[in-house]
Amino acid sequence: MTDAKPVLHLDDIVKTFPGVRALDGVSFSVMPGEVHALMGENGAGKSTLMKVLGGIYQPDGGAIYMGNDKVVMAGPLEAKAKGIVFIHQELSLAEELSVAENIYLGELPRKRFGRVDWATLTERTDAILKKLNVGFDAKTRVGDLSIANQQMVEIARALTVDAKAVIFDEPTASLTDAEKVVLFDVISDLKSEGVGIIYISHRMEEIFKITDRISILRDGQYQGTVATADTDEEAVTQMMIGRTLDLSRNTSHHELGDVALEVRGLSCGKLYKDVSFEVRRGEVVGFYGLVGAGRTEIAETLFGLRDPSAGKILLDGEEVRIASPADAIARGISLVPEDRKGQGLVLGMNCRDNMTLPQVDDLKAGPFVAEGAEIAIFDQYRDRLDIRTPGWKQQVGNLSGGNQQKIVIGKWLSMHPNVLIVDEPTRGIDVGSKSEIHKLLRELAAQGYAVMVISSEMPEVLHVSDRIVAMYSGQIMRTFTSEEVTEDNLIQAISGIKSGQAA
Amino acid sequence: MATLTKQQIGSVLAKQGILIAFAVFIVAFTVANPKFLSVDNVFSVVRSSAILGVMALGVTFVVISGNLDLSVGSMMSFSTIVVLDLHDQIGPLLAIPAMFAMTMCLGAFIGFLVGYLRLNSLIVTLGMLSAIHGLTLTYSGGQNMDIADKEGTWFSVFGQGTALGIPVPIVIFAGLAALLGIVLAKTAFGRKVYAVGGNGTAATFSGIKRARTVFTCYVISAACVATAGLIQASRSLGSQNTVGQGLELEVLAAVILGGASLLGGAGTIFKTVIGVLILGFIQNGLLLMGLQFYVQFVVTWVIIILAVWLDIAAKRGKLWSPIA
Ligand SMILES: Nc1ncnc2c1ncn2[C@@H]1O[C@H](COP(=O)(O)OP(=O)(O)OP(=O)(O)O)[C@@H](O)[C@H]1O
Ligand SMILES: [Mg+2]
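Remember, predicted model here, so these are calculated numbers, not experimental data.

1. Overview of the overall build of chain B
Then, in step 1: Counting its regular elements, chain B contains 14 helices and four strands.
Then, in step 2: Projected onto its principal axes, the C-alpha coordinates of chain B cover approximately 75 × 55 × 35 Å.
Then, in step 3: The 324 residues of chain B split such that 52% are buried.
Then, in step 4: Total accessible area on chain B is roughly 14800 Å²; 69% of this is exposed by carbon and sulfur atoms.
Then, in step 5: Taking the 17 positively charged and 10 negatively charged side chains of chain B as two groups, their mean positions are separated by 24 Å.

Spelled out as structure tokens, the structure:
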């Protein structure tokens, strides 16, 4: 294996969609045994480039080379047959099927007369799952797995073929730290086998930890490639967005108002137990913990999606029963949900209609929806959140992942809630917009909103919160103020040191 | 560059495929029989499509909300029989609202089962298809229903009258299409119907009361069925118990032909009207060619398959893409 020959080379690729020049002459190559990062803002064209490579889109111009040969990827199966494995940003699993069936979909091992060889299937799958160190087995139904575990199934698929190049499109967006470690092990195994790896992520710390080179896209144009060892976060950010960012911890404090939301002894079956906390107007409270700590479930209870089995919820000092999301919205609660595709958006609807959906009853011009007012709302949040789309008529499903997330955030900010709950608000959002959103959350608090931020990203919680609630397996372990919190004591708290366990 | 144009042509073909096929078809039939595009024939096609069309308008709401309604055919028989019977008992002025109320109660019942009890709409409306048929037979005692004094009633105006030279059924169909088109495209309720059908979970998370939305769709569908029953009864002033039999599939064909997705979330009233007209013209064209009316059953099925295929081809961007 000579170092000089790339496994894969993309030459001058062009791809346009109606109204969007998603890729404008991008060239890019991957060496064997290299982890090559692809970075760029939301909508820069990363996923599109990879879909061209994976045979999902046909390029309007340019060529793909593998070794010395020019190849045409007529479809995903052909790309796979050529050794290109694609792990998508958006999950693409069959929920009703088992883990094993999903992993070997289309290539199930057969016995005579075409019967599926279940024993072999289970055995092979379990071997792969063991390598990935996950807590489920081949026969589990995929629909019963958490998003993170579904992601692991998606990754397991990559290990079944003789891959020449593996594309990871934001694989860690919904993984916990422990799961990430496993993923990085897998990547380094692949690497040592001489596989070329393309790694897309908005998380700088990962990029600098595992990649060898970084290529950068901006508005569909290739900006250049740098060796990871020769650069730093600031330089990469500069190349991506043309400016640098302030990534410091939250030190600003503003006047706190009355208690807007108080929760006393709230429990919901086994999901969480005896939870008490309060959020004041003007305050951002971060909820940090591992996946499964019960944070999302608390948010869902406050939003009327679950019935608590015990305890009280008080809004502005008054005890309330929140029966449904409609009820929660009427009481001034907004929830930016964790799963944008499943819970946040109607993908077939346009951007404007998605954004105004919760308030469509209130935007009236006579018997009709006031479309002018809707467009005004959309324009306002498009500018504020820097949403990249050719216009409000674009279907949300055609937006890049990060821009979809911004639509969900805009949708709930435009409700002007008293209590704003955001669950993993910056999943899949680029560094520039992320810091914008953090700034926005601080600003909203300053205007008197009570804000709850649920996040699995420690820098995010540290950056936005006035106080941090650390949760472990359905219980609040400790509450920190932003002065007393450190990375160490936070990690201790969320790994349940009380019971003597460490993660 | 060559691939680009080929792709573009492919995508235009796939997207407008139904309209193009329709145009080719019209030209072919007009060449074969010049009467086909005569004013008289066009009017007669639209008028005979009106009953089907009115029903399709309501079913469009149900389909966009992500559900099915297979009960509309037998519900239409019910409305027709009931209004004819009540006509002689309490007079047309009371018979019409009474029939509307009864039919809409059936719709509300279906809406309750599907929306509030969360039963599968296919099962519920398939069951209602036969249950309502039984109800109709019970009501009529198995007899055909006839108005005693066919000459002396103004009731015939809905099916046989004209307004400004246009047959009343066409006026009703066009008026209702305009009204429901606006409801679906311009009101908050319409928006919710799309959201509920497009992604029910996201609709819930947006505070939309899904059960109520689905319920309302079925009530609207029933009101349309009642209107269709009114036109039917008024046109013939007498009827069999089975007049609407089989219409549910034709209605569904028209709605799908118009491009509403059976998965919910997509479709418009305008497109459904186009679907109704296409179906009407095709059936009429076959009759003019001298084919027996029962050929229509086969043709309707072929059209559904073609429509669904073109719909899928448009989404995938190619006509031939077998399960890999
Ligand atoms: N099917 C499509 N139809 C129309 N526009 C599209 C389509 N797919 C992508 N786009 C547009 O192409 C551009 C690039 O999108 P892409 O998904 O490649 O961005 P990305 O770099 O992966 O962003 P993110 O970090 O948010 O995932 C965006 O402006 C997007 O709106
Ligand atoms: Mg992307």
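2. A word on the pattern of salt bridges
Then, in step 1: Enumeration over the complete set of coordinates arrives at 34 salt bridges over all chains.
Then, in step 2: A salt bridge links A:Glu283 to A:Arg467, with the nearest nitrogen and oxygen atoms 2.7 Å apart. With A:Glu283 in the loop between β12 (272-280) and β13 (284-289) and A:Arg467 in strand β21 (residues 467-472), this residue pair connects regions lying 184 residues apart in the sequence. Like A:Arg467, A:Glu283 is buried.
Then, in step 3: Put simply, A:Arg384 and A:Glu443 hold a salt bridge, and the shortest N to O gap is 3.9 Å. Highlighted residues: A:Arg384 in helix α13 (residues 371-385) and A:Glu443 in helix α15 (residues 431-446), separated in sequence by 59 residues.
Then, in step 4: In the salt-bridge network here, residues are joined through shared partners; they are A:Arg352, A:Asp353, A:Glu371, A:Glu374, B:Lys186 and B:Arg191.

3. Points about the nonpolar core
Nonpolar side chains in soluble globular proteins tend to end up buried together.
Then, in step 1: The biggest cluster of nonpolar side chains holds 94 residues, and the ones touching the most others in it are B:Met55, B:Leu57, B:Phe61, B:Phe155, B:Leu180, B:Val251 and B:Ile269.
Then, in step 2: Of all hydrophobic cores here, the second largest spans 63 residues; its members include A:Ala328, A:Leu335, A:Phe378 and A:Leu399.

4. Here we look at the packing of aromatic side chains
Then, in step 1: Per the stated rule, a full pass over the model turns up 11 aromatic pairs over all chains.
Then, in step 2: Between B:Phe36 and B:Phe281, the ring centres sit 5.9 Å apart and the planes meet at 70 degrees, which makes this aromatic pair edge-to-face. Remark: B:Phe281 occurs in helix α13 (residues 269-288) and B:Phe36 occurs in the loop between α2 (17-32) and α3 (39-64); sequence separation between them is 245 residues. For the pair shown, B:Phe36 and B:Phe281 are each scored as buried.
Then, in step 3: Through a chain of ring-to-ring contacts, three or more aromatic side chains come together here, namely B:Phe29, B:Phe36 and B:Phe281.
Then, in step 4: Over the aromatic face of A:Trp392 sits the side chain of A:Arg352, whose NZ or CZ is 4.1 Å from the ring centroid.

5. Comments concerning the confidence of the model for chain B
Then, in step 1: In this model, chain B carries a mean pLDDT of 88, and residues with pLDDT of at least 70 account for 91%.
Then, in step 2: Taken over the whole predicted complex, pTM reads 0.83, whereas the ipTM for its chain interfaces reads 0.85.

6. Things to note about a nonpolar patch on the surface
All names here are of chain B.
Then, in step 1: Together, Leu 287, Phe 293, Tyr 294, Phe 297, Val 298, Trp 301, Val 302, Ile 305, Leu 306, Trp 309, Leu 319 and Trp 320 line one region of the surface with nonpolar side chains, adding up to about 1300 Å² of accessible area.
Then, in step 2: Sort the elements by how many residues they give to the nonpolar patch and helix α14 (residues 295-316) lands first, with seven residues.
Then, in step 3: Inspection of the secondary structure puts Phe 297 in helix α14.
Then, in step 4: Take Phe 297: its relative accessible area is 54%, and that puts it in the exposed class.

7. Remarks on the pairing of strand β10 (residues 221-227) of chain A
Residue and element names in this part refer to chain A.
Then, in step 1: As judged from the six bridges shared by strand β9 (residues 213-218) and β10, these two strands associate in the antiparallel manner. Looking at the pairing, Arg 213 lines up with Ala 227 of β10.
Then, in step 2: Hairpin connection of β9 to β10: two residues between the antiparallel strands, including Asp 219 at a positive phi of 45 degrees.

8. Notes on the interface of chain A and chain B
Then, in step 1: Contact with chain A, which involves 32 residues of that partner, is made by 22 residues of chain B.
Then, in step 2: At the boundary of chain A with chain B, total buried surface from both sides reaches about 2100 Å², with 62% on carbon and sulfur atoms.
Then, in step 3: In this structure, the connection of chain A to chain B is made through four salt bridges.
Then, in step 4: Here B:Arg191 makes a salt bridge to A:Asp353, at a shortest N to O gap of 3.3 Å.
Then, in step 5: Where chain A meets chain B, there are nine residue pairs in polar contact (both at pLDDT 80 or more).

9. Quick notes on the sheet that holds strand β1 (residues 8-17) of chain A
Residue and element names in this part refer to chain A.
Then, in step 1: Read across the sheet, four strands follow the order β2-β1-β4-β5 without closing on themselves; strand pairing throughout is antiparallel. Of all strands in the sheet, those with a lone pairing partner are β2 (20-30) and β5 (69-71), marking the two edges. When strand polarity is set aside, the average angle formed by the axes of neighbouring strands in this sheet is 30 degrees.
Then, in step 2: Sheet topology note: the β1/β2 ladder contains eight bridges and is antiparallel. If you follow Val 14 over to β2, its bridge partner there is Asp 24.
Then, in step 3: Here helix α1 (residues 46-53) sits on the sheet and contacts β1, β2 and β4 (61-66); the angle it forms with β1, its principal contact strand, is near 115 degrees.

10. Some details on the confidence of the model for chain A
Then, in step 1: Of the residues in chain A, 96% have a pLDDT of 70 or more, and the chain-wide mean is 87.
Then, in step 2: Scored below 50 in pLDDT, residues 499-503 of chain A makes seven contacts in the model with residues more than four places away or belonging to other chains.

11. Overview of the domain arrangement of chain A
Residue and element names in this part refer to chain A.
Then, in step 1: Here the domain parsing of chain A yields domain 1 (8-241) and domain 2 (245-249 + 258-332 + 421-503).
Then, in step 2: Counting residues at the interface gives 16 residues for domain 1 and 12 residues for domain 2.
Then, in step 3: Carbon and sulfur atoms make up 58% of the surface buried where domain 1 meets domain 2, a total of about 1200 Å² over both sides.
Then, in step 4: In this assembly, domain 1 and domain 2 are joined by one salt bridge.
Then, in step 5: Put simply, Glu 457 and Arg 203 hold a salt bridge, and the shortest N to O gap is 3.1 Å.
Then, in step 6: Here domain 1 is connected to domain 2 by three residue pairs in polar contact (both at pLDDT 80 or more).
Then, in step 7: Of the residues forming the side of domain 1 that touches domain 2, the biggest block, four residues, is contributed by helix α8 (residues 233-241).
Then, in step 8: When its residues are assigned to classes, the side of domain 1 that touches domain 2 shows five nonpolar, six polar and five charged.

12. Focus on the site of ligand 1
Residue and element names in this part refer to chain A.
Then, in step 1: Every one of the 21 residues lining ligand 1 counts as a neighbour, but Lys 46, Ser 47, Thr 48, Ser 400 and Gly 402 are closest to it.
Then, in step 2: Within the side chain of Tyr 57, a nitrogen or oxygen atom sits 3.4 Å from a nitrogen atom of ligand 1.
Then, in step 3: One nitrogen or oxygen atom from the side chain of Ser 400 is found 2.7 Å from an oxygen atom belonging to ligand 1.
Then, in step 4: Considered on its own, ligand 1 offers 640 Å² of accessible surface; in the complex 91% of this is hidden by protein.
Then, in step 5: When residues of the shell around ligand 1 are traced back to their parent elements, those giving at least two are β2, α1 and α14 (401-413).
Then, in step 6: Here the shell around ligand 1 is composed, by residue class, of six nonpolar, 12 polar and three charged.

13. Section: the sheet that holds β12(A)
Residue and element names in this part refer to chain A.
Then, in step 1: One open sheet holds the four strands; their spatial order is β12-β11-β14-β15, and the pairing between them is antiparallel. Strands with a single pairing partner mark the edges of an open sheet, and in this sheet they are β12 and β15 (318-320). With direction set aside, neighbouring strand axes in the sheet form an average angle of 25 degrees.
Then, in step 2: Two elements, strand β14 (residues 310-315) and β15, share three bridges in a ladder whose sense is antiparallel.

14. What about the packing of helix α9 (residues 188-198) of chain B against helix α11 (residues 210-236) of chain B?
Residue and element names in this part refer to chain B.
Then, in step 1: Put simply, α9 and α11 touch, their axes get as near as 10 Å, and they point 110 degrees apart. When the axis of α9 is compared with that of α11, the two are roughly perpendicular. For the pair α9 and α11, the contacting residues are Phe 189, Lys 192, Val 193 and Val 196 in the first and Arg 210, Thr 213, Val 214, Thr 216, Cys 217 and Ile 220 in the second.

15. Some words on unusual backbone geometry
A negative phi angle characterises most non-glycine residues, just as the trans form characterises most peptide bonds.
All names here are of chain A.
Then, in step 1: Here Asp 12, not a glycine, exhibits a phi torsion of approximately 55 degrees, which is positive.
Then, in step 2: Its place among the elements puts Asp 12 in strand β1.
Then, in step 3: Positive phi values are uncommon outside glycine, yet Glu 424 reaches one of about 50 degrees.
Then, in step 4: Take Glu 424: it is sitting in the loop between β19 (419-423) and α15.
Then, in step 5: Glu 424 sits in the buried class, given a relative accessible area of 8%.

The rules behind the values
Residues numbered from 1 in each chain as written. Chains lettered and ligands numbered in written order. Predicted model: local features only at pLDDT ≥ 70, side-chain atom pairs only at ≥ 80, totals over all residues. Heavy atoms only, no water. Helix = DSSP H or I, 4+ residues; strand = E, 2+ residues; numbered from the N terminus. Buried < 20%, exposed > 50% of the residue type's maximum accessible area, 1.4 Å probe, protein only. Areas by Shrake-Rupley, 256 points an atom, 1.4 Å probe, with all protein chains shown as cover. Lys, Arg positive; Asp, Glu negative; His and termini not counted. Charge placed at Lys NZ, Arg CZ, Asp CG, Glu CD. Salt bridge = Lys/Arg side-chain N within 4 Å of Asp/Glu carboxyl O. Core = buried A, V, L, I, M, F, W, Y, C linked by side-chain atoms within 4.5 Å. Phe/Tyr/Trp six-rings, centres within 6.5 Å; stacked < 30°, edge-to-face > 60°. Lys NZ or Arg CZ within 6 Å of the ring centre and 35° of its normal. pLDDT = per-residue confidence, 0-100. Patch = residues over 30% accessible without salt bridge, like charges linked within 9 Å, V, L, I, M, F, W, Y side chains within 5 Å. Pairing = 2+ DSSP bridges. Contact = heavy atoms within 4.5 Å. Buried area = accessible area lost by both parts, 1.4 Å probe. Polar contact = N/O pair within 3.5 Å; in protein donor to acceptor, adjacent residues only side chain to side chain. Axes fitted to C-alpha atoms, helices over the stretch in contact; angles between N-to-C directions. Domains from an automatic or database assignment. Nonpolar A, V, L, I, M, F, W, Y, C, P; charged D, E, K, R; others polar. Near = heavy atom within 4 Å. Parallel < 35°, antiparallel > 145°, perpendicular 65-115°, else oblique.

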